[in-house]
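# Summary of structural features
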Amino acid sequence: MSAERVDLSAFIKAYDVRGVVPDELDARVTRAIGAAFADVVVIPETPAGSRPTVVVGNDMRPSGPELVAGFADGLAGRGVDVVTIGLCSTDGLYFASGSLGVPGAMFTASHNPARYNGIKLCRAGARPVGQDTGLAAVRDLAGDYLGGEVPQVADDERGTVTEREMLADYAAFLRSLVDLSGIRPLKVVVDAGNGMGGYTAPAVLGTAAGLPELPLDVVPLYFELDGTFPNHEANPLEPANLVDLQKAVVEHGADIGLAFDGDADRCFVVDEQGDPVSPSAITALVGLREVAREQAAGRESTVIHNLITSQVVPDLLQAAGARTVRTRVGHSFIKAQMAEHEAVFGGEHSAHYYFRDFFFADTGMLAALHVLAALGGQPHPLSALADSYQPYVASGEINSRVVSVPDARARVVDAYVTRQGAGPVTVDELDGLTVSHWDSHPRWWFNLRASNTEPLLRLNVEAADADIMEKVRDDVLALVRQGEPAYAGGAA
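Our subject in this report is the structure included herewith. (Residues numbered from 1 in each chain as written. Predicted model: local features only at pLDDT ≥ 70, side-chain atom pairs only at ≥ 80, totals over all residues. Heavy atoms only, no water.)

With that settled, consider the overall build of the protein. Across its full length, the protein holds 14 helices and 22 strands. Against the globule reference of 23 Å for 492 residues, the protein gives a C-alpha radius of gyration of 23 Å, in line with a compact fold. Expressed as lengths along the three principal axes of its C-alpha atoms, the size of the protein is roughly 75 × 60 × 45 Å. Buried residues in the protein amount to 55% of all 492 residues. Of all intrachain contacts in the protein linking residues separated by at least 6 positions in sequence, the fraction that spans at least 24 positions is 70%. In the protein, 38 positive and 65 negative side-chain charges are present, and the distance between their average locations comes to 3 Å. (Helix = DSSP H or I, 4+ residues; strand = E, 2+ residues; numbered from the N terminus. Rg over C-alpha atoms; globule rule 2.2 N^0.38 Å. Buried < 20%, exposed > 50% of the residue type's maximum accessible area, 1.4 Å probe, protein only. Contact = heavy atoms within 4.5 Å. Lys, Arg positive; Asp, Glu negative; His and termini not counted. Charge placed at Lys NZ, Arg CZ, Asp CG, Glu CD.)

Moving on: the pairing of strand β22 (residues 456-463). With eight of its eight residues buried, β22 lies for the most part within the structure. Covered by surrounding structure in β22 are Leu456, Arg458, Asn460 and Glu462 together with Leu457, Leu459, Val461 and Ala463, the residues of both alternating faces. The sheet contact formed by strand β17 (residues 393-394) and β22 spans two bridges and is antiparallel. Looking across to β22, one finds that Ala394 is bridged to Glu462. The pairing of strand β18 (residues 398-401) with β22 spans four bridges and is antiparallel. If you follow Ser400 over to β22, its bridge partner there is Leu457. One ladder, built from seven bridges, connects strand β21 (residues 444-450) with β22; its direction is antiparallel. (Pairing = 2+ DSSP bridges.)

Here the amide bond leading from Val21 into Pro22 is cis, since omega sits at 0°, within 30 degrees of zero. Topologically, Pro22 is positioned in the loop between β1 (17-20) and α1 (27-42). Each neighbour pair has its own omega, and for His441 with Pro442 the value is 0°, a cis peptide bond. Positionally, Pro442 belongs in the loop between β20 (433-436) and β21. In the Ramachandran plot, Ala126 falls in the positive-phi region, its phi being about 65° despite a non-glycine side chain. Relative to the elements of secondary structure, Ala126 occurs in the loop between β5 (116-122) and α4 (135-147).

Before going further, it helps to examine helix α10 (residues 331-341). For α10, the full list of buried residues reads Ile334, Lys335 and Met338. The buried residues of α10 occupy one face: seen down the axis, they fall within an arc of 100°. Residues of α10 that are buried in the fold lie against α3 (90-100), β12 (302-306), β13 (323-327), β14 (345-347), β15 (353-355) and β16 (361-362). Glu342 sits one or two residues past α10 and shows a positive phi near 50°. (Arc of directions from axis to C-beta.)

Before going further, it helps to examine the side chain of Thr309. Tracing the chain through its elements places Thr309 in the loop between β12 and α9 (312-319). You can call Thr309 buried: its relative accessible area is 4%. Among the polar contacts listed, one links the side chain of Thr309 to the side chain of His305, at a separation of 3.0 Å. In this structure the side chain of Thr309 is engaged in a polar contact, spanning 2.7 Å, whose partner is the backbone oxygen of Asn306. Contacts of Thr309, omitting those with residues within four sequence positions, involve Ser280, Gly347, Glu348, His349 and Trp445. (Polar contact = N/O pair within 3.5 Å; in protein donor to acceptor, adjacent residues only side chain to side chain.)

At a minimum axis distance of 10 Å, the contact between helix α5 (residues 167-177) and helix α11 (residues 364-376) shows a crossing angle of 40°. When you trace α5 past α11, the crossing you get is right-handed. Two secondary-structure elements touch here, α5 through Tyr170, Leu174, Arg175 and Leu177 and α11 through Met365, Leu366 and Leu369. Here the residues of the contact of α5 with α11 sort into six nonpolar, no polar and one charged. (Axes fitted to C-alpha atoms, helices over the stretch in contact; angles between N-to-C directions. Left-handed = near helix turned anticlockwise from the far one by under 90°. Nonpolar A, V, L, I, M, F, W, Y, C, P; charged D, E, K, R; others polar.)

With that settled, the discussion passes to the packing of aromatic side chains. Aromatic ring pairs: the centre-centre distance and the angle between the two ring planes describe each pair. Within this structure, the stated rule accounts for 13 aromatic pairs. A ring pair is formed by Phe95 and Tyr170, whose centres lie 6.2 Å apart and whose planes are at 65°; its orientation type is edge-to-face. One end of the pair, Phe95, is in helix α3; the other, Tyr170, is in helix α5, and 75 residues separate them in sequence. A relative accessible area of 5% means that Phe95 is categorised as buried. With relative accessibility at 2%, the residue Tyr170 sits in the buried group. (Phe/Tyr/Trp six-rings, centres within 6.5 Å; stacked < 30°, edge-to-face > 60°.)

Rendered as structure tokens:
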């Protein structure tokens, strides 16, 4: 181990690489990361008799090509062949990794501001590389290389760097999983937020990749690729970033609105009235479609969901005969559970949707195709269809800044667990503290989780009606914020 190791922990985190360009990330750094990825993951896991190969793509950020070039040089210098596919969405990179059967690297910072870029790494078959599955070792070895020199193979052993077009294959593969040819005509507003959805939507939903025309009238919103995000942040999880889509859906008399984040791996849905459809409702809708398909083939099915998705997800899926598995929040956890249980589908409250038939990886575009198929396969508007998947009332995630996370949490435990003041409850600590009163009336549950990076507690509450949700929400927040300086004088 080098005594001169450069500490990269500030921007190589638990799940990916994400830093400011060029202060943290430049071509020299990505070259070291590429070489370390080769030595830690690629070469050791290449089957005997095969050439070690990595597929690399990037989003629309201006810094992408330079960072990719450095990364590819680092790989080639360790004897690894590199296939660059250029502009792509993150799920487009996962498709390339899965279909080619090689490790991959996606250069993106998702919805982060323009000054950021990053890398999402995966093993062959789009299997994730995270803190506990190789990323920490890549970080440390890259730091060693930056503190000294990146070792090089002989010139005649260097890897090659070639280009390959994958967009048409990606679009055709998604179309093969969901047939939209027979649905009723739909008008669809798509807000790409100047991100990669502006590149993939015309290929998948339209004819840009040479595929047959679908019964969709697509109204494009911010399809121009621009990593400076001139119109709004490409993060539809923030309500302010959905306003333009909501307005456009109503103005155009559209049947549905779709919003993608910067690297287009997440998809958010808006109904014909401009109202958001919760990701939990989408998880239930798509999950039921996948379960029905499995049952028609005579197979049992498992669906994964994280612990702050709506209770409607396990309610409806279990009633349909599926097995459901509840996981911690975080894509690395849900991906691991997807593979372990060979689950047909998985969904998160953050609008990440995972499919067995898409290499157990997440793809917002495939989820969008399922929603379009469900909507276009029946005569009712999306608002009516979505109502059956949104029977309960949720608070959304509410953050509280506290001096001591353990002390604030202890106040809630004392009131709801130790004293059982709220009546008989069930308690688990799979991820934070979950207290449930769902088996009795009135029905409610809440989850209180600590932030990994800040002195924050995150609260999610769900109940059978609004009055109960608001009471539980306010009671828990009062306990969390009791005596906290940030809320002195009743400040929210």
